[in-house]
Each structure stands twice: as structure tokens, then as C-alpha cells.
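Topology and contacts: notes
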Amino acid sequence: MTSVPAPSARRDDIQGLRALCAVLIVGFHAWTERTSGGVDVFFVVSGFLLIGSLARQTLRAGTVDLQRFAVGISRRLLPAIVVVTVITVVVSQILLPGVFWDRAIREGLATSLFVENLALQRYAVDYLARGDIPTPFNNGWAISLQVQAYVLIGLLMAGLALWAHRTDRRVVRLALGLAVVTLASFAWAARAVVVDPTGAYFDPLARLWEFTVGGLLALGLTRRGLPDRLRGPAGWTGLALLLTTGPLWGTTSLFPAWASLWPATAALLILAAGADGRFVGAGQLLAWRPLAWLGDRSYGLYLWQGPVLVFLLVVTGRTDADLATGLLILTLSIGLAAFSKATLEKPLTAWLSADRSFARIMLRAALLVTVMVAAVGLWALHLSHARQVQRDQLATTRLTGRPPRVLGQTVIVPGPIVARDDQGDMLTDGCLAGVSDQRLLSCRYGATDAPVLIALVGSSHARHWLPALQQIAATRGWRIVTYTKAVCSFGTGANDNFGRPAPDCAAWSARVTERLLELRPDLVVTVATLNRVPPEQLIPPGHWRQLGAAGIPVLGLRDTPWFDHNMVDCVARSALPGRDCSVPRRDRDPAGLVPAGGWPSNFIFVETRDWLCLTDRCGPFVDGFMVYFDDSHMTATFARSLAPRLEPWIDRALRPEAVSPRPGPRPSDRSPAPPDRPGPSYRRP
């Protein structure tokens, strides 16, 4: 048996393996929804080299020099990520639409502090999701996790060195310690992919085994390598496993546990096989000089491919890359990696290494991190100013009732940066019951002794009319009470707003009806149709008839259009080639929505489509207002602008006795809250 060259010696096959993994990552990110396994291999290789180096240091000196370890990691990782982060921050403010800035700034800061994986874990981001543009810092999660793993590995190896230094069986103790950590980490990963698959993907404890298993191989190779007759088959088998990871395992949620065993095994076989010139193996192919050259720049290639991907998608107006765009992303990323390494990273590395003092080197490393944080912080100040400008425009609109004009042009209000937050009370006051929440949540707005009570009932598509009702109630001295639940329309249907069977929704509607019969409002306002599942359907009106039997009128509003894209994101990118956020107007004839037997006598149907759409298209703007803050919910500002159109319909629907105040309190005002309510309702002035 023969041993492979010591891992401390340069191995061009490892550089070629890194290059191949980087190319696979770029390709799979650009063209597919699959994971390539390249990151898993990177982690195994990093553990092989790092733990192998620390293990040899332990076997030679009986200890681990943590200062030398920290200096080496700083020199290796910091220069490239500082260059890429600062340039990405600058270019983002030029190319990235402002609506994406907030999330990008948060992820940029997380990347600068090497906690991007924890940020994505917290936000439950699907790293592989397409159809929405990630931030330019999205791929920083792997570097952040790698830094966290390095810290754990340094402490682990220092502890194992202390445990092993007084014995002649150092290799055995080091191997035993690494094996225990490997098994514990893998067990944690196996549990995590079941409990929280998305979070597990970014979990450093669930990924630690990939580093330590590489270290175990390095430790084993210090004693004995593969027999020559096995090295060729091992290398080719490993290469085949790597290339088939994406096609076979790329869509599974079992990373970084069972599915990661495939690319991890691939890396171990290739590393164990080596690149001996005495036989033709995969190692010789990977050691090919162009691949080795690219491997020397694979770290930069990985860092650059994320921003390049995002910026090209933004500039081209696409949500995914075609073949030509993907090749362009790869070419630009390689070019930038080579250029930045030669012109920017090398001088920074030399500056970082210019002093022999550990304290001074760490101070310089801290300064580099500060540069990244400061760059992101200045961007955050830029966003704060832009957000304040759009908030001021919102305030002006509230005072005048119409969007302001700047340089003779009408300003769209709310602007894209603040549109997502322009929800008023409709979705933010805790009165919209969640999908699984069976409570009968209620909020009240207006004076308690108001002569007219309006009940707003239904799903969030009913609730987004609240700002319009509040506008009317404020001028008329009325009172509003709401009973709303996510994805549940007010009716006797058996499905929710997405067409799924939902017995809970039917039960909730029945309980709301009982409450309304007790409350006896002067008018019930709800949404009468469901537009999410084509063709548009009438919500079954059984509960409306029950209210009619009690003399309670119902005003049924036609549902807003639903779009297959987020309107705010689309508007932010609408100036780019090929972006049109509107869709052709295809209204169903209201006559086709009339239930069998006609409308109930207490019911008035309101055709809202002309309020929301132009003659032939439905889109994001009406009269200078941004209509939606997502794919179907109206902004509070636009909803308020509809109050003059809605008010005549309310007057028409109100029962005659509501015109003059009725003496005495309502029965519900004297009675305690029913058991199914969460205590006293919220009261708004």
C-alpha cells in the first residue's frame, strides 16, 4: 500500500475539484431549481485541508496554535469577501430597484458579520426557489456557515489536542473525537430535515459533519492510503457521484443529511484517490492546468456568481436565466474573480499579512469587516432618505386626497418602497384571524354611541375595504365592527379562497352569522365573489338569506382581480425591457354570477371592476394611486380613494331606520362578550 501526498502539499486535483464544484453551483443556480451538491463538496474539502493541517500540528507539537489558525483564516477569507461586498453594495444602488433594498441591506449586513445563514434560517428562505429574485448577498450563507464551522473546528481540535497530547495514541483519540462529533452532527441533521427542512439547510450544527468527515479522511491518510488498484476506480466513482448529485438528489429536502451523503462520498473518494501520474484517474483530469487555474479562483467565482446572477436578471427583466444568460453569468463571474484576485485581493492580503503581531493582524482584519459594515450602513441611510420622501408624499396625499405632482408629473402614491407597508389597520391590527385560528376575532372603530353600525365580514379581501369604510364612517359619525378570517369568505361554501375543502371556514361563517343576528348591524359589507380560482364564482349566499330574514341588509362587493405576480415587485422593475405588470381585462358577465332564484331581497351587488381596472386592462395604477401591495390586496391609500364611490352604495343599502338614531344601546352593547371571543374587542377612536 502507498499513501497519497501529504495534504499540506499542493494538490492540483483538489483545485480542479473546487473549480468543477463552482461551475456546477453557477449552472444549477442559473438554470434549475436543483442543488448541485457543490457546496457539500466544498465543505468536505475544507474540512479535509483544515482539520488535516491541525491534526498534523497536534501530532507534531502536541497542541493547536489558535492564533496562527485565526490569522490563516483571516488571510484566506477576508480580502475576497470585502472586495465583492463593497462593490456589490455600490452596484446594487445603481441597478437594484429600491423595493428590494430593505431585504438586500439586511442580508448584506448579515453577510458582512458572517451570519447570513442564520438570517436566512430565521426568515425561512427557500434558497432554491425561483420566480422571485434573491438578493445579491444570498449566496453569502455558505461563507458565513464556513466561518462558524471554522470557529467550532478550531475549538474542537484545541480540545482534542489537550486530550490526546499525553498519550502515544494521539491519532486514535483524535479520530475518536472527530467520529463522535461527526455522528452527533449527522444525527442532528437527520432530525432537522424532518422538523425544519429549510432551517436545516443553513444550520451550522447540521453541516458540521461534512467538515469533520473530511478531517477523518485526512487523519486516516496520514497513516495509510488507498491501494493503487483501488485509486483509479475510487476517483472515477467519486466524479460520477458528484456529477449525478443534482439530477438524482437536487430537489429533495434531505440536505444536509441523507442526501448530502451522496456528494460527501463523492468528495471523499476523489480526495482519497489523489492524482498519481502512474495511472489514468479522475484526479489527473481534475489536475488539468486550466481547471487548477480556475480552482485557485473558485472562492472568488463563488462570491461573484450571486451578484452577477441577480444583476443580470434585473437588467434583463427576467426571473430565471436561459442558456445564453447562464453562460454569460459564468463568463462574467470567472472574469471578475480573476480580475479582483489579481488587482484587489492580493494587495489586501499583503496588507493584512504585513505585520507579524497577532494583535495588529486581528485589528486589520477587524478594519476590513468594518469597511463592509460601513458600506452597508451608508446604503441603509440612502434607503432611509428614499423611504422618507415617499412617506412625505403619502402624507401629502392624505391631506389633499390626491397624489402630489413633481415637475409637472403625477407621483405614484404609495411609492414602491413604502407600498408593502401601506396597509392601514386592515391587516396589521391583529383582527384578521389566521388560517388555523378558530376564534371569532372582532375589532371596533368609531364612537361607541354612534347611531349607525356597519359590519365588515369575510376574508382579507373583505378587510382591505376597511380604510374606505373608515373614511366614510369618520365623516358620517358611524361605527364599524369587523369579523374577518384569512382565506375564508363569508358564505355557505365548503371551500376556502383557494378552492380547497375547508370545513373550518364554513363553521366560522356560521358562527359569524349567529353573532350578526345578535348584533343586528344596520348593514353588513362583504365580498360577494371569489376570483382566485377561475372562472370567477359567486360565494354561496345562504348566510345572506338568513340575515335578510332578520331584516339585515347586505352589500356584496365584487372581488378584486388576482395576479400571478407581486405588483410592487413588478412595478419596481417595470422600467426594464419586457416588463408589463397589467393583464387583459376579462370580466365575467355579472349576470352569470346571479344565484339561482335571483339575489336575496336584502342584498345589493356592487360592480367594482370599473373602479379597479382601465377599459381593457387591469394593472397596478389607477388615477395616480398604487392599487395593490401584493398580488391582490389593495393599498390603504387607494382603498381610501374609493370612499366617494362606495358611499352612495352604502346609503342605498342601509335600512331606512338607520337614517335617524335609535334610542338606547344595542343589545350587544349591554351584553358581555360571548365565550368564543378573545375578551373585549379592540376599540378604535
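Residues numbered from 1 in each chain as written. Predicted model: local features only at pLDDT ≥ 70, side-chain atom pairs only at ≥ 80, totals over all residues. Heavy atoms only, no water.

Within the chain, the secondary structure is distributed over 26 helices and 16 strands. For the chain, the proportion of contacts with a sequence separation of at least 24, taken over those separated by at least 6, is 80%. In the form shown here, the chain has an accessible surface area of approximately 29000 Å², with 60% of it arising from carbon and sulfur atoms. (Helix = DSSP H or I, 4+ residues; strand = E, 2+ residues; numbered from the N terminus. Contact = heavy atoms within 4.5 Å. Areas by Shrake-Rupley, 256 points an atom, 1.4 Å probe, with all protein chains shown as cover.)

With that out of the way, let us pick up the pairing of strand β7 (residues 523-527). Across the five residues that make up β7, a large majority, five, are buried. Taking every second residue as pointing to the same face, both faces of β7 are buried, with L523, V525 and V527 on one and V524 and T526 on the other. Bridge count between strand β5 (residues 453-458) and β7: three bridges; the pairing is parallel. For L456, the partnering residue across the bridge sits in β7 and is V525. Looking at chain direction, β7 and strand β10 (residues 554-557) are connected through four bridges and run parallel. Paired with V525 across the strands is L555, a residue of β10. (Buried < 20%, exposed > 50% of the residue type's maximum accessible area, 1.4 Å probe, protein only. Pairing = 2+ DSSP bridges.)

The next thing to look at is the side chain of S340. Within the secondary structure, S340 sits in helix α15 (residues 323-352). Within the structure, the side chain of S340 is placed 3.4 Å from the backbone oxygen of A337, a separation counted as a polar contact. Residue contacts for S340: discarding those within four places in its chain leaves V83, W304 and E345. (Polar contact = N/O pair within 3.5 Å; in protein donor to acceptor, adjacent residues only side chain to side chain.)

Let's shift gears to the pattern of salt bridges. Within the structure shown, the criterion is met by 16 salt bridges. As a salt-bridge pair, D102 and R387 come within 3.5 Å of each other at their nearest N and O atoms. One end of the pair, D102, is in helix α4 (residues 101-112); the other, R387, is in helix α16 (residues 358-400), and 285 residues separate them in sequence. Using a relative accessible area of 32% as the deciding quantity, one classes D102 as partly exposed. R387 sits in the buried class, given a relative accessible area of 17%. A network of salt bridges, in which partner residues are shared, links D40, R207 and E210. (Salt bridge = Lys/Arg side-chain N within 4 Å of Asp/Glu carboxyl O.)

Tracing the backbone shows T526 in strand β7. Judged by relative accessible area, which is 1%, T526 ranks as buried. Note: C-alpha distance between T526 and H461 (65 residues apart in sequence) is 8.7 Å. Excluding anything up to four places from it in sequence, T526 contacts V457, G458, F490, W544, V554, L555, G556 and L557.

Turning our eyes to something else, we now look at the pairing of β10. Burial along β10 is two-sided: V554 and G556 facing one way and L555 and L557 facing the other are all buried. Examined bridge by bridge, β10 and strand β12 (residues 603-606) share four bridges and lie parallel to one another. Counted as the bridge partner of V554 is F603 from β12.

On to the packing of helix α2 (residues 38-61) against helix α11 (residues 261-273), then. The contact between α2 and α11 brings their axes to 8 Å, and the two run at 45°. With respect to their mutual orientation, α2 and α11 come out oblique. α2 and α11 meet at a crossing whose hand is right-handed. Between α2 and α11, the residues in contact are D40, V41, V44, V45 and F48 and P263, A264, A267, L268 and L271, respectively. (Axes fitted to C-alpha atoms, helices over the stretch in contact; angles between N-to-C directions. Parallel < 35°, antiparallel > 145°, perpendicular 65-115°, else oblique. Left-handed = near helix turned anticlockwise from the far one by under 90°.)

We now examine the confidence of the model for the chain. When pLDDT is averaged along the chain, the result is 87, and 91% of the positions lie at 70 or above. Within the model, the stretch residues 1-8 combines pLDDT values under 50 with 19 contacts to residues more than four positions away or in other chains. Here residues 660-685 scores under 50 on pLDDT; set against residues more than four positions off or in separate chains, the count is 45 contacts. (pLDDT = per-residue confidence, 0-100.)

All right, on to the state of the cysteines then. A covalent bond between the sulfur atoms of two cysteines is what we call a disulfide. On inspection of all chains with the given rule, the structure shows four disulfides. Across a sulfur-sulfur distance of 1.4 Å, C431 and C443 are joined as a disulfide pair. Here the residue C431 occupies a position in the loop between α17 (416-419) and β3 (432-433), and C443 occupies one in strand β4 (residues 443-445), the gap between them amounting to twelve residues. Given a relative accessible area of 0%, C431 falls into the buried group. Judged by its relative accessible area of 0%, C443 falls in the buried class. (Disulfide = S-S within 2.5 Å.)

Turning to the nonpolar core, a few remarks are in order. One finds L17, I81, W141, I153, M157, L242 and I329 to be the most contacted residues of the largest nonpolar core, which totals 101 residues. With 13 residues, the top contributor of residues to this core is helix α6 (residues 140-164). Setting aside residues up to four positions removed in sequence, L17 forms contacts with V41, V45, L242, I270 and L286. (Core = buried A, V, L, I, M, F, W, Y, C linked by side-chain atoms within 4.5 Å.)

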